[in-house]
Amino acid sequence: MPDVFVLQPGQVTLADLAEIYWHSKPSRLHGACKAKVDQAQALVSSAAAGDAAVYGINTGFGKLANTRIAPADVIQLQRNLILSHCCGVGAPLPENIVRLAMILKLMSLGQGATGVRWQLIEHIQNCLDRQVIPIVPGQGSVGASGDLAPLAHFAATLIGEGDATFEGQPMTSKQALEKAGLQAIVLSPKEGIGLINGTQVSTALALAAFFEVWRVAMTALVSGALSTDAIMASPAPFRAEIQALRGHAGQIDAAHALRQLMDGSEIRESHRTDDDRVQDPYCIRCQPQVMGACLDVLRQAGRTLEIEANAVTDNPLVFVEDGSIVSGGNFHAEPVALAADQMALAIAEIGSICQRRIALMVDPVLNFGLPAFLSPNPGLNSGLMIAEVTSAALMSENKQKAAPCSVDSTPTSANQEDHVSMACHAARRLLDMADNLGRIVAIEMMTAAQGVEYRVPLKSSPQLHRVIDRLRQDVMTLGDDRYLAPDIERSNELVRSKGFLDALEPTALPTMELNR
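First things first, this report covers the structure right here in the doc.

Definitions and cut-offs
- Residue positions are given per chain, counting from 1 as you read along its sequence in written order.
- A pLDDT threshold of at least 70 governs which residues receive local features in this predicted model, and a stricter bar of 80 or more applies before side-chain atom pairs are shown or counted, although totals over entire chains, interfaces and linings include all residues.
- The side-chain numbers reported here are obtained from all heavy atoms of the structure, hydrogens and water having been left aside.
- Here an axis means a line fitted to C-alpha atoms, over the contact stretch when the element is a helix, while the angle between two N-to-C directions is reported on a 0 to 180 degree scale.
- Helix and strand assignments come from DSSP, with helices taken as H or I runs of at least 4 residues and strands as E runs of at least 2, each series counted from the N terminus.
- Small angles under 35 degrees read as roughly parallel and large ones over 145 as roughly antiparallel, with 65 to 115 read as roughly perpendicular and the rest as oblique.
- Take the far helix as the reference: if the near one is turned anticlockwise from it by less than a right angle, the crossing is left-handed, and if turned clockwise, right-handed.
- Throughout, a contact is declared for two residues whenever any of their heavy atoms are within 4.5 Å.
- Ten residue types, Ala, Val, Leu, Ile, Met, Phe, Trp, Tyr, Cys and Pro, are classed as nonpolar, four, Asp, Glu, Lys and Arg, as charged, and the remainder, Gly among them, as polar.
- Using protein atoms alone on a 1 Å grid, points that fit a 1.4 Å probe yet trap it form a cavity, whereas open point sets bounded by protein on both sides within 12 Å along at least five of seven lines form a pocket; residues with an atom within 4 Å of a point count as lining.
- Grid points are joined across faces, edges and corners, and a volume is the space filled by probe spheres set on the points.
- Classification of ring pairs uses Phe, Tyr and Trp, with its six-membered ring standing for Trp, and accepts pairs whose centres are within 6.5 Å; under 30 degrees between planes counts as stacked, over 60 as edge-to-face, and the remaining range as tilted.
- Only protein chains enter the accessibility calculation, which uses a 1.4 Å probe; a residue whose area is less than 20% of its type maximum is buried, one above 50% is exposed, and one in between is partly exposed.
- For a lysine, the NZ atom is tested; for an arginine, the CZ atom; a charge sits over a ring if that atom is within 6 Å of the ring centre and within 35 degrees of the ring normal.
- Every case where a carboxyl oxygen of Asp or Glu lies within 4 Å of a side-chain nitrogen of Lys or Arg is listed as a salt bridge.
- Strand pairing is assigned whenever DSSP detects at least two bridges linking the two strands.

## Regarding the packing of helix 9 (residues 200-230) against helix 11 (residues 249-262)
Here's step 1: Viewed as axis vectors pointing N to C, helix 9 and helix 11 meet at an angle of 55°, and their least axial separation amounts to 9 Å. As judged from the angle between their axes, helix 9 and helix 11 are oblique. Seen along the crossing, helix 9 lies across helix 11 with a hand that is right-handed. Two secondary-structure elements touch here, helix 9 through Leu 221, Val 222, Gly 224, Ala 225, Thr 228 and Asp 229 and helix 11 through Ala 254, Ala 257, Leu 258, Leu 261 and Met 262.
Here's step 2: When its residues are assigned to classes, the contact of helix 9 with helix 11 shows eight nonpolar, two polar and one charged.

## Structural notes on the layout of surface pockets
Here's step 1: The calculated volume of the largest pocket comes to roughly 640 Å³.
Here's step 2: Surrounding the largest pocket, 31 residues form its lining, Gly 62, His 85, Ser 145, Leu 148 and Glu 417 being those nearest its centre.
Here's step 3: Counting residues per element, the ones that place at least two in the lining of the largest pocket are helix 3 (74-85), helix 6 (148-158) and helix 8 (191-196).
Here's step 4: Here the residues of the lining of the largest pocket are counted per class, giving 14 nonpolar, 15 polar and two charged.

## Digging into the packing of aromatic side chains
Here's step 1: Taken as a whole, this structure holds four aromatic pairs when the rule is applied.
Here's step 2: For the ring pair Tyr 21 and Phe 211, a centre distance of 5.7 Å and an interplane angle of 35° mean the geometry is tilted. Of this pair, Tyr 21 sits in helix 1 (residues 14-23) while Phe 211 sits in helix 9, and the two are 190 residues apart along the sequence. Summarising the burial analysis for this pair, Tyr 21 and Phe 211 share the class buried.
Here's step 3: Taken together, the aromatic side chains of Tyr 21, Trp 22, Phe 210, Phe 211 and Trp 214 make up a single cluster linked through ring pairs.
Here's step 4: Looking at Arg 215, its charged tip hangs above the ring of Trp 22, at a distance of 3.5 Å from the centre.

## Here's the deal with unusual backbone geometry
Here's step 1: For the bond running from Asn 315 to Pro 316, omega is -5°, close enough to zero to count as cis.
Here's step 2: Along the polypeptide, Pro 316 turns up in the loop between helix 14 (287-309) and strand 8 (317-319).
Here's step 3: In this model, Val 456 is joined to Pro 457 through a cis peptide bond whose omega is 15°.
Here's step 4: Tracing the backbone through its elements, the reader meets Pro 457 in the loop between helix 17 (423-453) and helix 18 (462-474).
Here's step 5: For Gln 131, which is not glycine, the phi dihedral falls at a positive 65°.
Here's step 6: Relative to the elements of secondary structure, Gln 131 occurs in the loop between helix 5 (118-129) and strand 4 (132-134).
Here's step 7: Not every positive phi belongs to a glycine, and Phe 368 is a case in point at roughly 60°.
Here's step 8: Take Phe 368: its relative accessible area is 31%, and that puts it in the partly exposed class.

## Describing the pattern of salt bridges
Here's step 1: Per the counting criterion, the structure on display carries 21 salt bridges.
Here's step 2: When the shortest N-O distance is used, the salt bridge between Asp 253 and Arg 299 registers 2.8 Å. Of this pair, Asp 253 sits in helix 11 while Arg 299 is found in helix 14, placing the two residues 46 residues apart along the sequence.
Here's step 3: Accessibility expressed as a relative area gives 23% for Asp 253, which makes it partly exposed.
Here's step 4: With relative accessibility at 4%, the residue Arg 299 sits in the buried group.
Here's step 5: Between Arg 429 and Asp 341 there is a salt bridge, and its shortest N-O distance comes to 2.5 Å. Taken together, the positions of Arg 429 in helix 17 and Asp 341 in helix 15 (residues 334-362) put the pair 88 residues apart, joining distant regions of the chain.
Here's step 6: A relative accessible area of 9% means that Arg 429 is categorised as buried.

## Describing helix 18
Here's step 1: Those residues of helix 18 not exposed but buried are Gln 463, Leu 464, Val 467, Ile 468, Leu 471 and Arg 472.
Here's step 2: Where helix 18 is buried, its residues touch helix 9, helix 11, helix 17, helix 19 (485-496) and helix 20 (499-503).

## Re the environment of Ala 40
Here's step 1: Here Ala 40 shows up in helix 2 (residues 34-49).
Here's step 2: Looking at Ala 40, the relative accessible area reads 0%, which means it is buried.
Here's step 3: Separated by 429 residues in the primary sequence, Ala 40 and Asp 469 have C-alpha atoms spaced 58 Å apart.
Here's step 4: If we skip the residues at most four places from it in the chain, Ala 40 touches Gly 112, Gly 115, Val 318 and Val 320.

## Here's the deal with the environment of Phe 210
Here's step 1: Inspection of the secondary structure assignment puts Phe 210 in helix 9.
Here's step 2: What Phe 210 contacts, discounting residues up to four positions off in sequence, is Leu 14, Leu 298, Arg 299, Gly 302, Leu 305, Met 343 and Met 512.

## Some points on the sheet that holds strand 7 (residues 169-172)
Here's step 1: One open sheet accounts for three strands, arranged 4-6-7; its pairing is antiparallel. Sheet topology places strand 4 and strand 7 at the edges, where each strand pairs with a single neighbour. On average, each strand axis in the sheet is inclined to that of its neighbour by 35°, with strand direction left out of account.
Here's step 2: Relative to strand 6 (residues 163-166), strand 4 runs antiparallel, the two being bridged by three bridges. Looking at the pairing, Pro 134 lines up with Ala 164 of strand 6.
Here's step 3: Together, strand 4 and strand 6 form the strand contacts of helix 4 (residues 95-109), whose direction differs from that of strand 4 by roughly 95°.
Here's step 4: Sitting on the sheet, helix 6 touches strand 4 and strand 6, and the angle it makes with strand 4 is about 145°.

As structure tokens, this is what we get:
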């Protein structure tokens, strides 16, 4: 296959995962993984044929772990496990996220600590290559013992049960496999539990949200710089010396980006003197501190997710070094849940400071000479009045969604699984929050561009005018009132597709990796 990304479990970076997510890059396990996978599978086969009880291989599951399964039934045991756990409900997860979860599962299985056959790994890879993607309901995981229900729906497709898409078209899994020229696989001992124990769905959701939010956060730095010029605020608080005295990397990076974006602004130069304002509001002046703190939180969450993506998170684990098969708790998704909760706080805060800048710019008492609601004829026209209200509604919704999920454990499975992470919906809600944040930033872009245009003949910086020019290709300057919802969506599309960022000349926007 052309341009295939070779997965080396334990070495896949956040940048690699972003490339896979954004570009659906074909991915395959490195062939060197096969030797250890085969060794672990031989140990499992031996345990399945032996007399000793080994959890998940010749016993029941969860509270039924003390029930011994006869050797003749261990194959049926794995199939029953998958079917019984297909209890997911709700809207299906997006196909690109399911695809990412499948790749994460490949990375986990490829470390040779699960005990599956190489044939199963090849089957998953063939499904990915031929565009057979399971239809996975989004709800039903509590994020401990892994993402049992969603991963069961993934596993069901491999055995010809449930539903899937083939080349984007929904159908039964059996039909999808047939159209792709594949056959359903019969699971061997340990393979069922190896497929459904793990945090891959929670991690895929959180990674997808991370990549989406990072892009929006970078655009929020741009919209913040544009807003600063729109109200003729001072960039002095962005000076490098101020940030260095505090020392936080995110703050230093955010301030540097703001300075680069505003470099060469005529608007800035026009009010260095004869401006009776002493200080600007915090939503302008404290951008490095607020955005920087959010970037630090996002980077730390990204590092956690990078580690988790490379982890083995099923149970029991097979250690080829000493031949042992040991039950542990790597399936517990607490690291993902906490990372998702931290990301939710950052998303809410970025939206909060963006929304305050929108409110500042439409307020004639505070916007330093701009017309009310940025309308050329306020009164007869309402201008961007309700666009600001919409941004406030989205901000408030994100604040409510930012309540932590990880603290809301509840016992399940007859108290055998008595503490759970809630990582799956902690991560899933981030996608809605990212949508809300994208639209808040989109409205700020519209508002700030309108404000800067009122400062003519003064110009903003060359960088920021590139952004305004890109916006004006899709969204006209607001004159008389018009139907604004499509304008907001067009601006949002530029936020989400990186259109505004691509309009910039190369600049020093922060990178998403945590320096380590």
